[in-house]
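A closer look at the structure
One-letter residues, chain by chain:
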Amino acid sequence: QVQLVESGGGLVQAGGSLRLSCAASGSILYIDVMGWYRQAPGKQRELVANILSSGSPNYADSAKGRFTISRDNAKNTVYLQMNSLKPEDTAVYYCSANIRTNWGSPTSVYWGQGTQVTVSS
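Residues numbered from 1 in each chain as written. Predicted model: local features only at pLDDT ≥ 70, side-chain atom pairs only at ≥ 80, totals over all residues. Heavy atoms only, no water.

1. Quick notes on the overall build of the chain
The condition that has to hold: Helix and strand assignments follow DSSP, with helices taken as H or I runs no shorter than four residues and strands as E runs no shorter than two, numbered in order from the N terminus. Each radius of gyration reported is based on C-alpha atoms, and the globular scaling rule is 2.2 Å times the count of residues to the power 0.38. A 1.4 Å probe rolled over the protein chains alone gives each residue an accessible area, and that area as a share of the maximum for its type sets the label: buried under 20%, exposed over 50%, partly exposed in between. Only the protein chains shown count as cover for residues, and all accessible areas are computed by the Shrake-Rupley method using a 1.4 Å probe.
Broken down by element type, the chain carries zero helices and eleven strands. Over its C-alpha atoms the chain spans a radius of gyration of 14 Å, differing by no more than 12% from the 14 Å that the globule rule assigns to 121 residues. Taken over 121 residues, the chain has a buried fraction of 38%. Of the roughly 6300 Å² of accessible surface on the chain, a fraction of 47% belongs to carbon and sulfur atoms.

2. What about the nonpolar core?
Here is the rule we go by: In this text, buried Ala, Val, Leu, Ile, Met, Phe, Trp, Tyr and Cys residues form a nonpolar core when linked through side-chain atoms within 4.5 Å.
In terms of nonpolar packing, the biggest core is built from 29 residues, with Trp-36, Leu-80, Met-82 and Tyr-93 touching the most fellow members. Residue assignment for this core shows that the elements contributing at least two residues are strand E1 (2–7), strand E3 (18–26), strand E4 (30–39), strand E5 (46–51), strand E7 (67–72), strand E8 (77–82), strand E9 (91–100) and strand E11 (115–120).

3. Thoughts on the sheet that holds E8
Test applied: Strands were regarded as paired on the criterion that DSSP finds at least two bridges between them. For every element, the axis is a line fit to its C-alpha atoms; helices are fit only across the contacting stretch, and the angle between N-to-C directions ranges from 0 to 180 degrees.
Read across the open sheet, the four strands follow the order E1-E3-E8-E7; overall the sheet is antiparallel. One side of each edge strand has no neighbouring strand; the edge strands of this open sheet are E1 and E7. Looking at each pair of strands side by side, their axes are set apart by 15° on average, direction ignored. Direction of pairing for E7 relative to E8: antiparallel, over a ladder of six bridges. Of the residues in E8, the one forming a bridge with Phe-67 is Met-82.

4. A look at the side chain of Arg-71
Keep this limit in mind: Pairs of N or O atoms are called polar contacts if they sit within 3.5 Å, as long as, within protein, a hydrogen donor faces a hydrogen acceptor (for residues adjacent in sequence, only side-chain-to-side-chain pairs). Here a residue-residue contact requires only that any non-hydrogen atoms of the pair lie within 4.5 Å.
Within the element layout of this structure, Arg-71 appears in strand E7. A distance of 3.2 Å separates the side chain of Arg-71 from the backbone oxygen of Ile-31, its partner in a polar contact. Polar side-chain contacts of Arg-71 include one of 3.2 Å to the backbone oxygen of Leu-52. Discounting chain neighbours no more than four positions away, the residues touching Arg-71 are Ile-31, Asp-32, Val-33, Met-34, Ile-51, Leu-52, Ser-53, Thr-77, Val-78 and Tyr-79.

5. Thoughts on the state of the cysteines
Note the threshold: Here, a disulfide means two cysteine sulfur atoms that sit within 2.5 Å of each other.
In this structure the tally under the stated criterion is one disulfide. The disulfide partner of Cys-22 is Cys-95, and the gap between their sulfur atoms is 2.1 Å. Sign of the S-S torsion, about -75° for the bond between Cys-22 and Cys-95, identifies this disulfide as left-handed. Residue Cys-22 is located in strand E3, and its partner Cys-95 is located in strand E9; the two are separated by 73 residues in the primary sequence. One exposure class covers both Cys-22 and Cys-95, and it is buried.

Listed below in structure tokens is the structure:
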């Protein structure tokens with residue numbers, strides 16, 4: 001009943017920028033943490049950044065100073081602005097969200113389908 005749909009990935013040259021978006025829809029009562037993870041070929045999925053419902057962000061060291069996470073609670077959407085991209089940022093980027101669908105249950109983690117980001121040198 002809950003879907004996360006990502007958009008904004010693509011191919012960009014090193015030093016370029018991309019903006020990822022992820023919109024949550026369905027039977028949503030409340031969204032707690034929203035975040036972006038990435039997985040490069042042969043590597044484990046890793047946190048890039050997340051953001052609380054209050055707007056407080058948290059970044060992986062690799063993202064600090066280059067990426068900015070933000071959210072629009074009215075639209076149930078989280079964004080990731082990526083600047084100064086490097087070839088090592090190449091990965092599939094996944095959106096995640098901790099969502100409560102009814103008051104009798106705790107939040108559950110939902111994932112998007114992933115969007116490919118490729119940075120050429």
